[in-house]
Amino acid sequence: MADSRSEVAERYAEALFELALEEGALETVEADMKEIGVALEQSDDLRRLVESPVFDRDVIADALSAVLEQAGASLTVKNFVKLLARNGRASALAGVVAAFAARAADHRGEVSAEAVSAAPLSADQEKSLRQQIEAKVGKSVVLTTRTDASLLGGLVVKVGSKMIDSSLRTKLNRLQQSLKEA
């Protein structure tokens, strides 16, 4: 997704990364951002709040501040998220979380990868997949996994800007398309 939303997320993530580095708080900020990402994944209400154009910027900023205060987030992250919301960029928060994680991993010489599967991967499957990706990219890999039952089977793996889609859903869609064209 190389649209303006992802560019905005990249810019904000880079600014937060530089600030965290300057303050010597990279680990703390990274942990806080990871928690925000988990919260966005797990809470439909929180996701609707940040993605909705209906809510006033100050309402979003205040709500996010309350959530971050409850979570015990660092002052740097609380101020950053408040700024993001007040600038009307709360909808970019998930993208900022992902871009920040990728930037922090790159700083450590790691590569972030995400694997999406129809069913949860076992520990052995995750380990094997991580090793295969590491062999391809030649760097240590931080692998996150999630499930999406709509895939039907197979995997969608994203490493940086590259995506490998071997999901059954995509293969069926391609087959249906080729049958229509025949």
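Data block above holds the structure.
Since the model is a prediction, treat every value here as computed from it, not as a measurement.

### Description of the overall build of the protein chain
Helix and strand counts for the protein chain come out as eight helices and four strands. Ordering the α and β elements of the protein chain from the N terminus gives α-α-α-α-α-α-β-α-β-β-β-α. Dimensions of the protein chain along its principal axes, counting C-alpha atoms only, are 55 × 40 × 30 Å. A buried classification covers 34% of the 182 residues belonging to the protein chain.

### Quick look at helix α2 (residues 26-42)
Taking 1.5 Å per residue as the helical rise, α2 with its 17 residues ought to reach 24 Å, and the 24 Å between its terminal C-alpha atoms agrees with that figure. Considered for burial, the residues of α2 that qualify are Leu 26, Val 29, Asp 32, Met 33, Ile 36, Gly 37 and Leu 40. Down the axis of α2, the sector holding all buried residues measures 145°, keeping them to one side. Those residues of α2 that are exposed and angled more than 90 degrees off the buried face are Glu 27, Lys 34, Glu 41 and Gln 42.

### Concerning the pattern of salt bridges
Within this structure, the stated rule accounts for 11 salt bridges. Here Arg 86 ties to Asp 62 by a salt bridge, and the two come within 3.2 Å at their closest N and O atoms. Residue Arg 86 is found in helix α5 (residues 75-86), and its partner Asp 62 is found in helix α4 (residues 57-71); the two are separated by 24 residues along the sequence. With its nearest N and O atoms 4.0 Å apart, the salt bridge here joins Glu 114 to Lys 158. Of this pair, Glu 114 sits in strand β1 (residues 110-117) while Lys 158 sits in strand β3 (residues 155-159), and the two are 44 residues apart along the sequence. Among the residues examined, Lys 158 registers a relative accessible area of 32% and is labelled partly exposed. A cluster of three or more residues bridged by salt bridges with shared partners is formed by Glu 14, Glu 18 and Arg 103.

Calculation notes
Residues numbered from 1 in each chain as written. Predicted model: local features only at pLDDT ≥ 70, side-chain atom pairs only at ≥ 80, totals over all residues. Heavy atoms only, no water. Helix = DSSP H or I, 4+ residues; strand = E, 2+ residues; numbered from the N terminus. Buried < 20%, exposed > 50% of the residue type's maximum accessible area, 1.4 Å probe, protein only. Expected span 1.5 Å × (residues − 1). Arc of directions from axis to C-beta. Salt bridge = Lys/Arg side-chain N within 4 Å of Asp/Glu carboxyl O.

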